[in-house]
Every structure is written in structure tokens, then in C-alpha cells.
Amino acid sequence: MQYFMALATTGLIMGIIYALMALGLTLIFSILNVINFAHGEFYMLGGYFSYFLLTWFTGLNPFIAVLVSGLMVALIGLIFEYFFLRPMHLGRIERPPEYAVLITFGLSFFLQNLALAVFGPYPHRPPSFFSGAVDLGITRVSADRLTASVLSLVLMALLLLLINKTWIGKALQAVSQNKDAAAVVGINPLRMNTIAFALGVGLASIAGALLAPSFSIVPDVGAVPSIRSYVIIVLGGMGSLPGSILGGILIGLVESFGAGYFPDPSRGLTYKTAFGLVIFALVLLFKPTGFFGRRRS
Amino acid sequence: MKINRRFPFQAKWILAGVALVVALLAPLALESYWLHVFIIAYFYALLASSWALLAGYAGQFSFGHMAFMAIGGYTSGLLGRYFNTPPLLGILLGTLLAGITGLTIGGLVLRFKASYLALFTIAFSEILRMVIKGESGITRGDQGLSVAPLFGTEVISRLPYYYTMLAVLVICLILMYWLANSRVGLFLRAIREDEEAAAARGVDVVKFKVLTFVVTSMIAGLAGGFFAHYITILTPNILIIPQMGLVIAMAIIGGVESLIAAAVGGVIIQISLEWLRQFEAWRLVIFGALLILTLRFARDGLVTPLLQRIFGTAPKAELRTDVSSNAAKEEVNLDEA
Amino acid sequence: MCTPKRLLGLLVVFAVFVLTASACAPTTIVETVVVTHEVEKEVIVTQEVQVEKEVIVTVEVPAAEPEMPEGDTILIGGVGPLSAPGSFQAGTEMRNATEMAVDEINDAGGVLGKQVELIFGDTEGLPERGTAVVERLITQNHVVGLTGEYHSGVGLTEIEVAHKYGVPFVQAETWADEITSSGYPEIFRIAPSIDFYSSIAVNYIAEVGWQKIVFVVEDSDYGHLQAEAWTDQLAAKGITDVQVYFADPDTEDFTPILQRIQQDPPDMLAGVITGIGNSRMLRQACDLGLAPTTETAYYGSVDSQYPEFWENVGDCGQYVFYTYVGLPESLWNDKTGTFMADYETRYKQAPGGSAMAAYDATYILLNAIEEAGSTDSQAIIAALEGIQFTGVMGDFWFKYTADNPVPEGEPAWMWHQWPTPNTYIIQYTEVNQAAGDAPVVFPLERANGPVYTSP
């Protein structure tokens, strides 16, 4: 039982962080109707920016570094959206759905190799938020990981607050429900798109910066979180914020229990991801709207 | 319009003929190492052009293309290793298996929109890769599966492999070209532009989408089979997502609307990559940037406009009338579909 | 109409393209030029350098033989992983060390009176690339010998190519038994075989007295070979409570599997993952309070020797031990000291064991060419077989050769194998301790610290 609870705790802690990143992806999908195939690379950039900020400005508070990298990446996202995604919504691109897939995939390809060329292949690690580990009774968790999780929770709460209580949040909701109707009441969907994209990739980069002290960073550190985010949003329902949160936690638990209980330990870790992908493929086939997703207008 | 519409076709054939002659004679000027580079380039050209058929013509932006290639290669390799199957038979069986898998996947993704199709095929490709890697007892995983060379262990020269890969490329290109310019191609284009309208006009959307999947996955499998028996060693790394990305980049930069352009894109990019090896990571950065910029500003790829420049300014609409005017012309014939 | 001008333009474009491509590939003008043995003897007698150019005899060459260049330089090839998915860290330092060795030899006058030129190829850690690289080095660049390689999987395919063309290859850092048990006359190895390498750790475990062992090993060709060797050898020593888990080296989070292991903590936990996985697993085991602790010792992978180790694991690195292939500081000879200093000056970082191995392998090859007095493969191979050379890692020689084949009862991998490769267990006793300062703890006769320091 102790073992079960230990796994559940670590799964929950990780799941919350996964959810933060997936939220960003869902936000982008919900407003722009685009799956950002470069989401993992923004996660990666968050980690690198945080690392370099802390290396160049040694006295800098790590939390500030996380925030600043989030803002920097959001800015990059903003620029990308403006030049490469906005034309889709202005009718200047043929066959937008294919274009969206390809351009974000191309961005992913580009960013990964750019990171490799600029930062080099060696793993790096920004300094810890808090050193050591925390004894939770059932299990021990590294202070960094717990910090990342708590902060993710806070950010998610803030995000939901933003979406539900502020004007911008309501405008975003409006655009996600019906773009034309939103335009009729005076909301500029194009601006909302840009905001959503910047916000979405900003969240991914914060997740990356938060986890960098725990997992270290390399140019392709975003590949696995990327695929994991797709799985989460499909399970939770594309476009549904609560769905992504629940999906994130669920995947965190599944990964933890899967690896922990897989009968053949010599193969367990190898097949863990594959198992998740099979579930993912099945959900796509049989219940593409996931748990909470709705049909788009 | 008074411009001779046959002009692009005629020029294209002359161009193709010239390219073929050059390719046939190239070994006289090329060293063994560069023969290798060209053989690999033809392999990528095969993948890029078949992907262009699937994506550009049928509008199915599948990320599973390398998986079909791997099925072709590994089937032949495994059969050879455990049952001593002769290479050609192995390649045939590999191609068939790739086709059957293509049939299954094609059938499953029928109703998927672009994003979902991409996600699903990524999942398929990754699952396959993990299984190949995980079952290393059978497949030898990362250590590499030894595959018998196509022309046996006595033949050291690369020449026969060069001509074989070239022949496979040319034959497949001819096949795909015929398909693309036949009624089937027309229907595919119609489906891509507007699926509901095409269906309303009686086009059997299901049949043609699946047919394209089967044909292109078989070609990928065929490519994989010949590749395996040339390179004589297979690892799960052949189907990592960045490899798929490379093929996509080739097709798009070459021109996803035209098979020949995609093939040419494949050859040129592969050779350039080899040439630029000294720049290490930066060469892929350049291609990534080229991919994004081409997608945004030159949707038809770079090869086609280049050809246009050589032939003088044929207005853009002209080249596109290949399809749309034909569509207009043959609209009446759709009822025969 | 299709004007001739436009057609010509097209033709020009294609022609230019093909010609440029072929121009970039050096063309051999005559495929069958060989300097005969008699000519080379003349060269040795007269000590003249430029004679080869004039005395050329065209001889029919069977396809399998490499072509030998005339000219002012001696070309050798180096191979190793310089980019992912290969272990580029090791490969890069191997290339650096090989370059340094070649430069030093050239400064001292070169080999056979000529300057040595090195061409180092990136195998990317992939067998298919490695074979292509070696084939290119032999058939296009006409190297007279090869040195290097780090990955066994790649090395195994490369030896086939070297054997096909009969070109000597001194492998520096490949451990798979089959590299030398292949029995190929062209292949020599100075690294330990997996059998030998594993025995050091196994003997250490037996010495300290641990009974319950868990290995988390990377899911690769190396990992599987290694796990098998350890399990078999431990069993032979009566240590049977051994568990092996395989993990993708890119795994981010080892925590679930570590929690599983924590249910029944072993005496020793091994994290045999190369690359970023090494640090990840250690830190995660440390955070969980699993290892290194008083109950459970932690055995890291070879990557623990690199400088980024401390950046990535923090305090968790203290008490971690690992197997080091190379010569620890306490056992340096004069050459080692000079090498370490020169390497650090030139490349701004301390060299690891792989650098030492590559350096020595290069020297061995070039010394053999000098002793052979020619670039003929057979002569070089014969010289290698009889070589006696003191390098930075110790005294090199090959025990079993064509004249003295491996006898019954001796393992087949002893063929063309350096019998005493330096393999030690090193343990970090302080935080941020440099690899050079960490004490050698095993084998006991070479140790300069307590056999195991517990937290």
C-alpha cells in the first residue's frame, strides 16, 4: 500500500507539471484551432533561457529567471504567430489545416537544430530553487520538483482565474467558441490569436524552466514532453482546459503506475511510452473528443 | 489563352530526359563515395516523391511514411536472417506487408482531419519504432540487423546498386506520374480541394484515399527494402521523427504539388547535406529555416518556380491550370467514376 | 515553343550540377597504380623521399587491396562519434587527442620522413554511418591505417570493412569481445574487453562484500552485453541476487522504477546509463533517499568522469564510484603527465580516459608504420604484432598474434589484445572533487584510498 501511495504521490506531482504544459497547448488549439507541433521546443527554450539568465546574472533569483524566460519565449511565440500563423486567418494561405501542421512541425525541426548548433549537445543544469529533498512521509521528493509542482498549480489557478474572470479571458473564450460571433461583438480575433499563442508557449516554457533543475536540459529535451502533451490533450479533450488539467494528472499517474507495476522490469521502461501511445491512438480512433472536449463550431 | 498549353508538358519531358541521361552517365565521373551519396539521394527522392503523392495530391499529411519504409526494410531483413529468404523475394514481401499496413492505416484515418492524422501517424511511427527497439532479441535493436547485400558479398563495386536504385526511382516516378495524371489523380485533387463537393459529385472518396495510402506505402516499403539490401544494416534510427521531418522538408522545399519537383528536391537536399557536412548542426538549421520560409512564401516549393524562371515567365496560373482547368474540362466525365 | 536557348540553359544547369558534384570528389586518374615492394626497399636504402613519384609501376590489383598513394604525406583515418546519437563527448576528446598525437609526431619529423595527415570521420554512433565512413576513408582517401572508435556496435561493422580491404585498425575504446575474438589479422585493440572490464567491478563487489545488486542499464547494444557479462560473472562468484532493469537512455524520470527498487533496497545500485541519463538517475535516486546512502551504494557510469557531472548532480555525486578506463593520476608515468598538461592547454579541459586511449592508439599505429618501414598493410600488421611501446597509459604489446595464436583455454578475445588495459574503480570522496583527485580504490594493489568510503 505504501508503494502504491508513493507512486501515486510522485505521479500526481509530475502530472500537475505536465498539465501546465498541456494547458498551453490546449489554449492554442482552442483559440487558433492549430496543434502546435513545436510545443516541446518552447519548453526546451524555457529551460535554456532560464539556465543562461542564471549563469550570466549570478545573483538572480531563480524564480525571476523562470518568469523572465517565460516572457522571452512568449515574445518569440508572438513574433512567430504574427508572421507565420496570422496569414492563415487572413485568408492568405491555401489549405490552412495542412499548413498549420507543417509550419509548426517545421518550426520544431528548426528550433531543435538551432538549439543544437547554438547551445551545443552537452547537458546543462541551472541551479536549484531549493536544494535537497523533502520527506512527505509516504515518499521523498526533491525540493525542486515539489517547487515546480506547487508553482504549476499556482499558475494554473491564475490562468483559470484569467480565463473566467477577466475581460481578456472572456474574449478568449468567445473566440474559441465562435470566431465570427466574437468579431461581431467587437473582439479582434486576430489579436486574441496572438495573445493565446504567446500565452500558450509561455506556459510551456515556464514548465521547461521549472523542470530544468530537476531533469537537466539538452536540445531535444522537448521531444518527449511534446508527445506527452498531445496525448494529454487528446485524452482530456482538445480545447478543454479542465480536460487538460485532469488529463495531465491522469497521465502523470499512468506513467508512474505503469513503470512501477510493469511485470517485466527489463522491458518496462521501454514500453511505458509505447503503451501510452497505443491508448492515445485508440482514443483518437474511438473517442476523438476525449473526456471533456466539445465539437468545434 | 493563346499561350501554348502543351508548352509545360513538352519542356518537362525534355527536362526529364536530360536528367535521366545525366544520371545514367554520372558514374563515369563519380567516385565510389559519391555514388553512395547519389544512391542515398535517390532513396530519399523516392520517399519524398511518394510522400508528395500522398500529401500533395491526396492531401493526407501522414507522418508514418518512414514507418512503411521500415516495414519494407525490416521484413526483408528479418526474413533473410531467419529464413534465408533471397533478397528480391524479401523485398517483394516487405513491399506487400507495407501495402497491407498502409491499407489498414489508410482505412483507419479516413475521417481524420489534418491535425488528427498527423498525431495518429506520429503515434503509429513511434510505436513501431519502440517495438523494433524493444524486441531487440529478434530485431537486434540498436546493435543493427545485418541484411544480405542485394548483389551478394562478392560484388564490391557500387555501380549495380546505383543503377538499381535509379531504376527503382524512375519506374516508381513513372508509375506515380501516370497515377497522378490519370483520372485517379484528378479525383484525388478534387478530394483534396473540397472533399464534400467531390463526394457530392460521385467520387468514391474512401476508395481513392485508401488507394493512395496503399500505393504510397508500398513504394515506401519498396524503397526500404532496396535500401536495407544496399546499406546492409538496419537500426530503429531510420524511423525517428526527425528523419520523417527531413523527408517532409525535401518534399516541401522541392514542391509538394509536383512529384518530379519533390524528387528533385530530395536529390538536391541530400547531396547538399552531404556536401555541407563540415557545418555540422548548422546545415540542418538552414534547412529548417528554408522549410519554414518555403511553406510561408513559396507554397509550391522552390523547384517549380526555378523551372519557370528557366523557361521564362509562364504565369503562375498557367501551371496550376494543369489541374483546375482539367477539372473543369473533365467535370462532365465525373459521372463515369 | 521550346527554344534551343532555353533547352541549352537547362542542359547547362544540370551539367554544372553534376560536374560540380564530381569535382568535389577527388578523382583517381588511374585505378590501378601501386608502388611495388621492391621500390619501397630502394627508398629505405637511399633515404630519399621523392623517389616514389618517379618510379611507378602499373600492376593489376585484385579488387580487395587498398590503393596506396604516392605523395608527401601518410594518410591515416580516425573514427569516432562526434554527434548524437553517438557519445559525442567521448568521441570529441578522442578526435582531439588523435589530432594532438599527429601534430606531435609531425613536429618530430613525421613518419618515414613524411608528414602524417589525419582524416577523422564522424560515425554519429550509428553502424551504418560507421561503415560508410570507414569505406570512404579506405577507398576514397586511401588511408593506410585506422585508429579510434568508441561504440562497440559501430566497431563491429567497421572491422568487417577493414578486413575486406585488409587495412590495419587499432581500436581504442571498443569493448565488445567480438571485436578481437573475430580473429581478423587487421584488427588490434587496446581497450579492455567487456569480459575483462566487467570483472573489475565484479571483483570489487565481491571484495567489499555486497550481496544484493540492482543494475539499471541503458537499453542499447552495449547495455545488453554489459548486463549479461555482469550477471554471469557475479553468478560465478556466488552472487545471485542480481536484478537488471533496462531503460531508454533518454528517460527523463527514473523515479517510478527507483521507487520500485526502493521497496527492497539493494546493497549496491548501478546506474549504467551514458549521457544525460547518468546524472538524472543519480540525482533522482539521491532525492528519493535511495542511494548513495549507508544502506545502498551507487555505481555510476563512465560519464561520471566528465566535468559536467558535478554541475548536473550537485552534492549527490559524493560517494559515487565508477569504473575508469585509463590511468589515474597516482599511476601516471612521465608521458602521462606531459600529455595531460598539453591536452589541457590546447583544449581547455582535462582529458578523460577515452582521450588517453585514442592518443596511445594513434601513436601505436604510427610507430608501427615507422617500424614497418612502409605503408604496406601486411608490413604494418606485422609491425603491430611485434610492437613494444610505452604510451601514456602504460606499456603496450599484443600477446597473441599470427605466430602465437590464442591457445585453448584462453578467451578468444585475447587475440591482438593488449593484455593489461588499465581499468580501475575510482570513488568520489568529496563534493566537486576533480576526477583526477578522486582516489583509486580497486584493484587493491593499485589503490591509494580505502576500498569503499560509506556516507
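Once a new chain begins, its residue numbering starts again from 1 and follows that chain's sequence as written. For this description, chains carry letters from A and ligands carry numbers from 1, given in the order in which they are written. In keeping with the model being predicted, local features are shown solely for residues with a pLDDT of at least 70 and side-chain atom pairs are shown and tallied solely at 80 or more, while totals for entire chains, interfaces and linings include all residues. Remark: hydrogens and water are excluded; side-chain values derive from all non-hydrogen atoms of the structure.

### Digging into the interface of chain B and chain A
Move 1: Contacts between residues were defined by any pair of non-hydrogen atoms, one from each residue, lying within 4.5 Å. Taken together, the contacts link 42 residues of chain B with 41 residues of chain A.
Move 2: Together, the buried faces of chain B and chain A total about 3,900 Å²; carbon and sulfur atoms form 77% of this surface.
Move 3: Together, Leu-119, Arg-296 and Arg-299 of chain B form the three largest contributors to the area buried by chain B at its contact with chain A, with a combined 18%.
Move 4: Any Lys or Arg side-chain nitrogen found within 4 Å of a carboxyl oxygen on Asp or Glu counts as a salt bridge. Here chain B and chain A share two salt bridges between them.
Move 5: Across the salt bridge formed by Arg-299 of chain B and Glu-98 of chain A, the nearest N and O atoms sit 3.4 Å from each other.
Move 6: Nitrogen and oxygen atoms within 3.5 Å of one another constitute a polar contact, given that in protein one can donate a hydrogen and the other can accept it, and given that sequence-neighbouring residues count only through two side-chain atoms. Across the contact surface, chain B and chain A share four residue pairs in polar contact (both at pLDDT 80 or more).
Move 7: Strands are runs of DSSP state E lasting at least two residues, helices are runs of H or I lasting at least four, and both sets are numbered from the N terminus onward. Elements supplying a minimum of two residues to the side of chain B that touches chain A: helix 5 (114-134), helix 8 (183-193), helix 11 (241-254) and helix 13 (281-297) of chain B.
Move 8: When residues in the side of chain B that touches chain A are grouped by element, the largest group, 13 residues, is from helix 5 of chain B.
Move 9: Residues that form the side of chain B that touches chain A fall into these classes: 29 nonpolar, five polar and eight charged. For any pair of parts, buried area is found by adding up, for both, the accessible area (1.4 Å probe) each one loses once the two are put together. Residues are sorted three ways: Asp, Glu, Lys and Arg are charged, Ala, Val, Leu, Ile, Met, Phe, Trp, Tyr, Cys and Pro are nonpolar, and all the rest, Gly among them, are polar.

### Considering the interface of chain C and chain A
Move 1: With 27 residues of chain C at the contact, the number on the chain A side is 41 residues.
Move 2: Where chain C abuts chain A, roughly 2,900 Å² becomes buried across the two surfaces, and 50% of that area is made up of carbon and sulfur atoms.
Move 3: At the junction of chain C with chain A, the criterion picks out two salt bridges.
Move 4: Among the ionic pairs, Glu-252 of chain C bridges to Arg-228 of chain A, the shortest N-O distance being 3.2 Å.
Move 5: Between chain C and chain A we count 12 residue pairs in polar contact (both at pLDDT 80 or more) in total.
Move 6: Examining the composition of the side of chain C that touches chain A, we find that six residues originate from one element, helix 11 (residues 276-287) of chain C, more than from any other.
Move 7: Among the residues forming the side of chain C that touches chain A, the class breakdown is 10 nonpolar, eight polar and nine charged.

### Describing the state of the cysteines
Residues and elements named next belong to chain C.
Move 1: Here, a disulfide means two cysteine sulfur atoms that sit within 2.5 Å of each other. Scanning all chains against the criterion turns up one disulfide over all chains.
Move 2: Two residues, Cys-286 and Cys-316, share a disulfide whose sulfurs are 2.1 Å apart. Taking the torsion about the sulfur-sulfur bond, which here is approximately -75 degrees, the covalent link between Cys-286 and Cys-316 counts as left-handed. Placement of the pair is Cys-286 in helix 11 and Cys-316 in the loop between helix 12 (308-313) and strand 12 (321-325), with a sequence separation of 30 residues.

### Quick notes on the nonpolar core
Move 1: Think of a nonpolar core as a cluster: buried Ala, Val, Leu, Ile, Met, Phe, Trp, Tyr and Cys residues, connected wherever their side-chain atoms sit within 4.5 Å. Relative accessibility decides the category of a residue: with a 1.4 Å probe and only protein chains considered, values under 20% of the type maximum give buried, values over 50% give exposed, and everything between is partly exposed. By size, the foremost hydrophobic cluster in this structure holds 204 residues, and its most contacted members are Phe-37, Phe-42 and Phe-280 of chain A together with Tyr-42, Trp-51, Leu-119 and Tyr-162 of chain B.
Move 2: The element best represented in this core is helix 2 (residues 32-57) of chain B, accounting for 21 residues.
Move 3: Those residues in contact with Phe-42 of chain A, other than ones at most four positions away along the chain, are Asn-36, Val-73, Ile-76, Gly-77, Leu-107, Leu-111, Phe-197, Val-201, Ala-204 and Ser-205 of chain A.
Move 4: Counting residues in hydrophobic clusters, the runner-up holds 110 residues, among them Ala-101, Ile-190, Tyr-298 and Leu-366 of chain C.

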